[in-house]
Amino acid sequence: AVQAAPAAGSISSAPSWCLECIHAEGLSTDGFSSLPDQTVLLPEGITLVGRQHQPQFFEALLAAAPSRLSLISRTHVQLEATRASGVSVTNMSLNPLYVDRVSLPKGETRSISEDAVLSFARLEGGVHVHFLALQLRARVNGAVERTPSS
């Protein structure tokens with residue numbers, strides 16, 4: 001897993017949350033499962049997410065669609081994780097960001113809960129097409145907790 005660098009002034013501790021990639025455009029199921037790393041760890045405090053902060057993560061996920069990298073800003077998202085209140089997400093970019101398929105405009109913050117999906121989109125024919133999706137997962141004792149399928 002990619003250890004996200006905490007923002008200046010934040011307190012670093014064992015991660016209690018992570019973002020796990022669940023969709024990457026152009027990546028087959030076999031290609032996806034062969035990736036060494038599909039998660040970004042979120043330590044308690046503020047974590048910045050984007051090409052500048054996790055370059056290898058985004059390059060690996062979008063290897064089959066490299067032109068999409070330009071749609072991930074250097075600092076696209078700010079996440080604030082706390083054990084008590086969960087995670088909040090702020091869009092730091094003019095590039096599209098969606099939370100559970102609802103647009104999150106630049107500068108806006110939304111509280112999210114486990115299994116929420118952050119997705120990055122591109123404009124195609126006047127419609128946003130989601131090309132990368134990351135799902136919020138809880139981590140207990142270093143392991144990702146998965147919600148049982150119904």
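Here the structure is a predicted model, which is why all the values come from computation and not from measurement.

Asks: Please provide a residue-by-residue account of unusual backbone geometry, values included.
Replies: In the Ramachandran plot, aspartate 100 falls in the positive-phi region, its phi being about 50° despite a non-glycine side chain. If you trace the backbone, aspartate 100 turns up in the loop between strand S7 (97-99) and strand S8 (102-103). A relative accessible area of 44% places aspartate 100 in the partly exposed class. Although it is not a glycine, arginine 101 adopts a positive phi angle of roughly 65°. Checked against the element boundaries, arginine 101 lands in the loop between S7 and S8. A relative accessible area of 61% places arginine 101 in the exposed class.

Asks: If you had to explain the sheet that holds strand S4 (residues 45-49) to someone new, which residues and values would you point to?
Replies: Ordered by their spatial adjacency, four strands build an open sheet running S4-S5-S6-S9, and the pairing between neighbours is antiparallel. Single-partner strands in this sheet number two, and they are S4 and strand S9 (109-112). Between one strand and the next, the sheet's axes are offset by a mean angle of 25°, whatever the strand orientation. In this sheet, strand S6 (residues 86-91) lies alongside strand S5 (residues 77-82) in antiparallel orientation, the contact comprising six bridges. By the bridge assignment for S6, valine 77 is matched with asparagine 91.

How each quantity is defined
Residues numbered from 1 in each chain as written. Predicted model: local features only at pLDDT ≥ 70, side-chain atom pairs only at ≥ 80, totals over all residues. Heavy atoms only, no water. Helix = DSSP H or I, 4+ residues; strand = E, 2+ residues; numbered from the N terminus. Buried < 20%, exposed > 50% of the residue type's maximum accessible area, 1.4 Å probe, protein only. Pairing = 2+ DSSP bridges. Axes fitted to C-alpha atoms, helices over the stretch in contact; angles between N-to-C directions.

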